[in-house]
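Residue-level structure breakdown
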Amino acid sequence: MPRRAIAVPGPGRAKRLVLTLTSLSDAELVALLFDRPSSVPLRKLRQSGLELAVVADCSPEALSEQFGLSESYALRLSAAFELGRRSLARPMDREPVLCFEQVVAWARPRLGALEHEEVWLLCLDGRNRLRSARRVAQGGLHGCAIYPRDILRPALRDGASSIVLVHNHPSGDPEPSDEDRVMTRELAALSQALGVPLLDHVIVSREGAASVLDPSSIVALG
C-alpha cells in the first residue's frame, strides 16, 4: 500500500494537515518534526521497527550515530520526547503526593530508562503537594556519590515541609543496595531532626521500582 503524503508547514507558509494527528503512524508523526521529511533518513527508523521506547531513550548523539540524523534533527527529536516525558510527569504537580505508586508514576518516564544514574529530590509543602523537583546528583552506570547534606541544603532552601528522594538503577534491578540503605537511614535521621521528614526513597528502573523505606513496596513495570 502506498504511503500517504503529509503536508508539512514550511518556512513562510502554513499548509493544512488533512488528517488529524491521531490518525498518523509513528513514522509520519516523526516526519512532522522536520522541515523536509523526505530528506530525513526515516528509512533506518522504519527498519528498526520505529520502537518509540527505544528511540526515545537515545541521546542526540546516539540518534545521529544510529540513524544518521544531523545534529539539529537529533536535538529536535530528543526535545520532542523530553516534552512527552514531562507531560507524563505533570499530573503530580497538581495533586498531593500520597503514595509510592504516585512517585513511581512521576519518576518512571523521567528516569526509568536512563543509562546513567540520577538522584532527584522532591520537596513537598504542608499539604503534600509538590513544591519543587530538582536533580541533586548525576553519575554513571554504577552509581553516584551523594551525602545527606547535598539533599538537605536544597530542601531547606526550597522551604520543604517534607521530602521524597528518587533515583534510578541503570542496571535494571530496582533492589536497594547496601549503600542505598545506609544513606537513607542517615538522611532519615538528619531530616527528622531538622523537621523535614523523609517520606520515602524510591528507586526506579526499566524492570521495576522499589521503596528503600518499605521493602514490601516493589512493583514490576510493564
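One can find the structure itself at the top, above this paragraph.
Residues numbered from 1 in each chain as written. Predicted model: local features only at pLDDT ≥ 70, side-chain atom pairs only at ≥ 80, totals over all residues. Heavy atoms only, no water.

Now for the packing of aromatic side chains. By convention here, two paired aromatic rings are described through the distance between centres and the angle between planes. Within this structure, the stated rule accounts for one aromatic pair. Judged by centre distance (5.8 Å) and plane angle (70 degrees), the rings of Trp106 and Trp120 are edge-to-face. With Trp106 in helix H6 (residues 100-111) and Trp120 in strand S1 (residues 118-124), this residue pair connects regions lying 14 residues apart in the sequence. For Trp106, a relative accessible area of 3% corresponds to the buried category. (Phe/Tyr/Trp six-rings, centres within 6.5 Å; stacked < 30°, edge-to-face > 60°. Helix = DSSP H or I, 4+ residues; strand = E, 2+ residues; numbered from the N terminus. Buried < 20%, exposed > 50% of the residue type's maximum accessible area, 1.4 Å probe, protein only.)

With that out of the way, let us pick up the packing of helix H7 (residues 148-157) against helix H8 (residues 178-193). Two elements in contact, H7 and H8, have axes whose closest approach is 10 Å; the angle formed by their N-to-C orientations is 40 degrees. The handedness of the crossing between H7 and H8 comes out as right-handed. Residue-level contacts link Pro148, Ile151 and Leu152 of H7 to Met183, Glu186, Leu187, Leu190 and Ser191 of H8. Each residue belonging to the contact of H7 with H8 can be placed in one class, and the counts come to six nonpolar, one polar and one charged. (Axes fitted to C-alpha atoms, helices over the stretch in contact; angles between N-to-C directions. Left-handed = near helix turned anticlockwise from the far one by under 90°. Contact = heavy atoms within 4.5 Å. Nonpolar A, V, L, I, M, F, W, Y, C, P; charged D, E, K, R; others polar.)

Turning to the side chain of Ser211, a few remarks are in order. For Ser211, the location among the structural elements is in strand S5 (residues 208-211). Polar side-chain contacts of Ser211 include one of 2.6 Å to the side chain of Asp200. A polar side-chain atom of Ser211 sits 3.3 Å from the main-chain amide nitrogen of Leu213. (Polar contact = N/O pair within 3.5 Å; in protein donor to acceptor, adjacent residues only side chain to side chain.)

Right, let's talk about the environment of Leu121 for a bit. In this structure, Leu121 sits in strand S1. For Leu121, a relative accessible area of 0% puts it in the buried group. Remark: the alpha-carbon pair of Leu121 and Arg135, spanning 14 residues in sequence, is separated by 6.3 Å.

A general feature of soluble globular proteins is that nonpolar side chains tend to end up buried together. Core analysis: the biggest nonpolar cluster contains 16 residues, and Val103, Leu122 and Val166 have the highest contact counts within it. Contributions of two or more residues to this core are made by H6, S1, strand S3 (162-168) and strand S4 (198-204). If one sorts the elements of this core by residue count, H6 sits on top with six residues. Excluding anything up to four places from it in sequence, Val166 contacts Val103, Ala107, Leu111, Glu118, Val119, Trp120, Leu122, His201 and Val202. (Core = buried A, V, L, I, M, F, W, Y, C linked by side-chain atoms within 4.5 Å.)

Peptide bonds are, in most cases, trans, and in most cases residues other than glycine have a negative phi. Despite not being glycine, Asn128 shows a phi value in the positive range, around 65 degrees. Within the secondary structure, Asn128 is located in the loop between S1 and strand S2 (130-138). With a relative accessible area of 23%, Asn128 lands in the partly exposed category.

Below, the discussion takes up the pairing of S5. Across the two faces of S5 the burial is the same, with Gly208 and Ala210 and Ala209 and Ser211 all buried. The pairing of S4 with S5 spans three bridges and is antiparallel. Bridge assignment links Ile203 to a residue of S5, and that residue is Ala210. Connecting the antiparallel pair S4 and S5 is a turn made up of three residues. (Pairing = 2+ DSSP bridges.)

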